[in-house]
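Listed below, chain by chain, are the residues.
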Amino acid sequence: MSENCTHNCSTCGSDCASRNAPQSLIEPMNAYSNVKNVIAVVSGKGGVGKSLVTALMACKMRRSGFNTAILDADITGPSVPKMFGLNEDRAEASEKGIEPKISANGIKIMSVNLLLEDNTAPVIWRGPVIAGVVKQFWSDVNWGEVDYMFVDMPPGTGDVPLTVFQSLPIKGIIIVTSPQDLVGMIVEKAVNMAKMMGVPVLGLVENMSYFQCPDCGQRHEIFGKSQVEAVAAKHGIENTARLPMDSAIAELCDKGKAKNIQGDWLDELAKSFSGK
């Protein structure tokens, strides 16, 4: 760097090290926030249960004593507020930024549905606008002290997933899938994107993996034999989990009582990265 440097590269033709150094794309965190671990919940296709896994993971970590938050990055299909009974609530601003809503069990939540006057109104925005909103959820929301933030991602590998990977300090991802034959290809897309972005895969969760008869206790694999272990082995994913098909889970989510869902399905996965 020249001793006469004005720190304005647009007016300078010098070929200095600072000009050529790689620039970070990470968005600055809200000044009043301290988010320690950001984990994205992803899938290669829609309808496999990312929001459910996000909610269950957040509840699990909260019950383990961690300060927990959910950033709902599925801007055009937000469902997290409803799952926690916050669908009629609205976020408010303070001198510290936008204040997230807090669920009955103490999870901080920010979603576009907490900003819209009518939560049934469709969000008809182009990709760059949606991506900008996600970045604002990170930089403009007063998250406070958070040990684990889970990001509920939209499906696929488009604008928003790319924005999250580039703009947020993602520590790892959890991939959600289902038992059908095509999941191998879907998971592979998510794994490859994570590799390209230099983000580790923390675990693979197979939703709708089986139905357990309430009378005899026998498990029935309605959508076909589970492939989660084979797919995980192929991609070197150490931690897996299987979630059942259970009408009680759907009913609790519909009633805004996701915090009341009981099950140890994700305990080992959570323990693998938190120690609890």
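None of the values given here were measured: they were computed from a predicted structure.

Draft legend 1. Layout of the overall build of the protein. The helix and strand inventory of the protein stands at 9 helices and 11 strands. Along the longest, intermediate and shortest principal axes, the C-alpha atoms of the protein span 80 × 45 × 40 Å. Residues counted as buried form 46% of the 276 residues belonging to the protein.

Draft legend 2. Region of the structure containing the packing of aromatic side chains. As enumerated under the stated definition, the model contains 2 aromatic pairs in all. Centre to centre, the rings of Phe 66 and Tyr 148 are 5.1 Å apart; their planes meet at 85 degrees, and the pair counts as edge-to-face. Of this pair, Phe 66 sits in the loop between α2 (50–63) and β2 (68–72) while Tyr 148 sits in strand β7 (residues 145–152), and the two are 82 residues apart along the sequence. Between Tyr 148 and Phe 273, the aromatic rings sit 5.8 Å apart at their centres with planes inclined by 55 degrees, giving tilted as the arrangement. Taken as a pair, Tyr 148 in strand β7 and Phe 273 in helix α9 (residues 267–274) lie far apart in primary sequence, 125 residues in all. Pair check on accessibility: Tyr 148 and Phe 273 agree, each one buried.

Draft legend 3. Region of interest: the layout of surface pockets. By volume, the largest pocket amounts to about 250 Å³. Within the residue set of the lining of the largest pocket, elements represented by two or more residues are α2, β9 (201–212) and α8 (247–254). When residues in the lining of the largest pocket are grouped by element, the largest group, 4 residues, is from α8. Looking at the lining of the largest pocket residue by residue, the class counts come to 9 nonpolar, 5 polar and 2 charged.

Draft legend 4. Geometry of the nonpolar core. The biggest cluster of nonpolar side chains holds 78 residues, and the ones touching the most others in it are Phe 84, Met 149, Val 151 and Phe 273. In terms of residue count, α2 provides more of this core than any other element does, 8 residues in total. The residues touching Val 151, leaving out its near neighbours within four places in the chain, are Val 38, Ile 39, Ala 40, Val 41, Leu 71, Ala 73, Val 164 and Leu 168.

Draft legend 5. Structural detail: the side chain of Thr 68. In this structure, Thr 68 sits in strand β2. Accessibility expressed as a relative area gives 2% for Thr 68, which makes it buried. Separated by 3.5 Å, the side chain of Thr 68 and the backbone nitrogen of Arg 62 make a polar contact. A polar contact is formed between the side chain of Thr 68 and the backbone oxygen of Phe 66, at a distance of 3.1 Å. Discounting residues that sit within four places of it in the chain, Thr 68 has contacts with Ala 58, Met 61, Arg 62, Gly 106, Ile 107, Lys 108, Val 146, Tyr 148 and Phe 150.

Draft legend 6. Summary view of the pattern of salt bridges. Taken as a whole and assessed by the stated rule, the structure comprises 6 salt bridges. The residue Lys 60 makes a salt bridge to Asp 267 at a minimum N-O spacing of 3.6 Å. Here Lys 60 is found in helix α2, whereas its partner Asp 267 is found in helix α9, with 207 residues between them in sequence. Residue Arg 242 pairs with Glu 221 through a salt bridge whose shortest N-O separation is 2.9 Å. Of the two residues, Arg 242 sits in strand β11 (residues 240–244) while Glu 221 sits in the loop between β10 (219–220) and α7 (228–235), which places them 21 residues apart along the sequence.

What counts and how
- Residues numbered from 1 in each chain as written.
- Predicted model: local features only at pLDDT ≥ 70, side-chain atom pairs only at ≥ 80, totals over all residues.
- Heavy atoms only, no water.
- Helix = DSSP H or I, 4+ residues; strand = E, 2+ residues; numbered from the N terminus.
- Buried < 20%, exposed > 50% of the residue type's maximum accessible area, 1.4 Å probe, protein only.
- Phe/Tyr/Trp six-rings, centres within 6.5 Å; stacked < 30°, edge-to-face > 60°.
- 1 Å grid on protein atoms, 1.4 Å probe; cavity = no way out; pocket = protein on both sides within 12 Å on 5 of 7 lines; lining within 4 Å.
- Points joined across faces, edges and corners; volume = space filled by probe spheres on them.
- Nonpolar A, V, L, I, M, F, W, Y, C, P; charged D, E, K, R; others polar.
- Core = buried A, V, L, I, M, F, W, Y, C linked by side-chain atoms within 4.5 Å.
- Contact = heavy atoms within 4.5 Å.
- Polar contact = N/O pair within 3.5 Å; in protein donor to acceptor, adjacent residues only side chain to side chain.
- Salt bridge = Lys/Arg side-chain N within 4 Å of Asp/Glu carboxyl O.

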